[in-house]
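# Coordinate inspection notes
In case you want the letters, here they are:
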Amino acid sequence: MKTLRHYTFWDRICLGLDQAVRALSNNVKTTGADYPGKETEDYSMNDKERKQSAALMRINHAGEICAQALYHGQGVVSRSNEVQEKMHLAAIEEGDHLFWCKQRLDELGSHPSYLNPLWYAGSFCIGMVAGMIGDKWSLGFVAETERQVIEHLKKHLHTLPANDKRSYTILQQMEADEARHRDEALVLGAQELPNVIKKGMSFTSKIMVKTAYWV
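Residues numbered from 1 in each chain as written. Predicted model: local features only at pLDDT ≥ 70, side-chain atom pairs only at ≥ 80, totals over all residues. Heavy atoms only, no water.

### Some remarks on the pattern of salt bridges
Heads up, the condition is: What makes a salt bridge here is a side-chain nitrogen of Lys or Arg within 4 Å of a carboxyl oxygen of Asp or Glu, nothing more. Elements are defined by DSSP. Helices are runs of H or I of four residues or more, strands are runs of E of two residues or more, and each kind is numbered from the N terminus. To sort residues, take the accessible area from a 1.4 Å probe on protein chains only and compare it with the maximum for the residue type: under 20% means buried, over 50% means exposed, and anything in between is partly exposed.
With the rule as written, the count across this model stands at 15 salt bridges. Between Arg166 and Glu107 there is a salt bridge whose closest N-O contact spans 3.3 Å. Placement of the pair is Arg166 in helix H6 (residues 165-187) and Glu107 in helix H3 (residues 81-107), with a sequence separation of 59 residues. A residue is classified by how much of its surface remains accessible, and Arg166, at 13% relative accessible area, is buried. Given a relative accessible area of 26%, Glu107 falls into the partly exposed group. A salt bridge links Arg182 to Asp183, with the shortest nitrogen-to-oxygen separation between them at 3.0 Å.

### Overview of a nonpolar patch on the surface
Counted only if it meets this: Each patch is assembled from residues with relative accessible area greater than 30% and no salt bridge, linking like charges that lie within 9 Å and nonpolar side chains (Val, Leu, Ile, Met, Phe, Trp, Tyr) that lie within 5 Å. Method for areas: the Shrake-Rupley scheme with a 1.4 Å probe, in which residue coverage is limited to the protein chains shown.
There is a patch of nonpolar side chains on the surface, built from Val129, Met132, Ile133 and Trp137 and spanning about 370 Å² of accessible area. Looking at the nonpolar patch, the element that brings in the most residues is helix H4 (residues 116-133), giving three residues. Structurally, Val129 can be placed in helix H4. Residue classification places Val129 among the partly exposed residues on the basis of a relative accessible area of 45%.

### Here we look at H3
For clarity, the threshold we go by: To estimate the expected span of a helix, subtract one from its residue number and multiply by 1.5 Å.
For H3, built from 27 residues, the straight-helix expectation of 39 Å at 1.5 Å per residue is met to within 8% by its first-to-last C-alpha distance of 39 Å. In terms of burial, H3 is largely enclosed, as 19 of its 27 residues are buried. Phi for Gly109, located one or two positions after H3, is positive at around 70°.

### With respect to the state of the cysteines
Our working rule: Whenever a pair of cysteine sulfur atoms sits within 2.5 Å, that pair is classed as a disulfide.
As enumerated under the stated definition, the model contains zero disulfides in all. Just so you know, Cys66 is unpaired, no disulfide at all, and the nearest cysteine sulfur is the one on Cys125, 12 Å from it. Under the relative-accessibility criterion, Cys125 is labelled partly exposed at 47%.

Following this line, the structure appears as structure tokens:
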């Protein structure tokens, strides 16, 4: 049986600082999973198509920055060693997505959102608040966040230029991973969030999406 590592509060603070620096400096911890697009031909696109793909991948990259911060914030204050470990491992798995989105942005000749530090700080605070309320609520935020992320990914899969098969393959794998994270949170006892909180999360997400598309 696997023994869960026990972190002190200061261990978690130091870990959180390290994770923040890594997430914002393109040095995030990952599982080392293969880049999903490496076997997919990168078809040529015109400037308009390339800009559209880059804007969508920038949104997804910013979303993964938010996911990193949410997990990190919750992990710092969680009362349960099991939930702390879950948040830590999930952040590393989400690191794969962050790495893939950045690699695809590089391939498209574009850049991540310049507001990533702002997205990270806001999501980290939300994660800490959720974690302080209680682990079931914290897991509820994870489940609802993943549900909303899956909705965004589905939209992007239909919005990508037809020739951008590589980005499509990446987003497909991300969607499958996010669904697994949502289901894992539910199994651990995620609390269903009130509709007003869900709507608030959706509203905040829309602001990030519209801003990250351009900046």
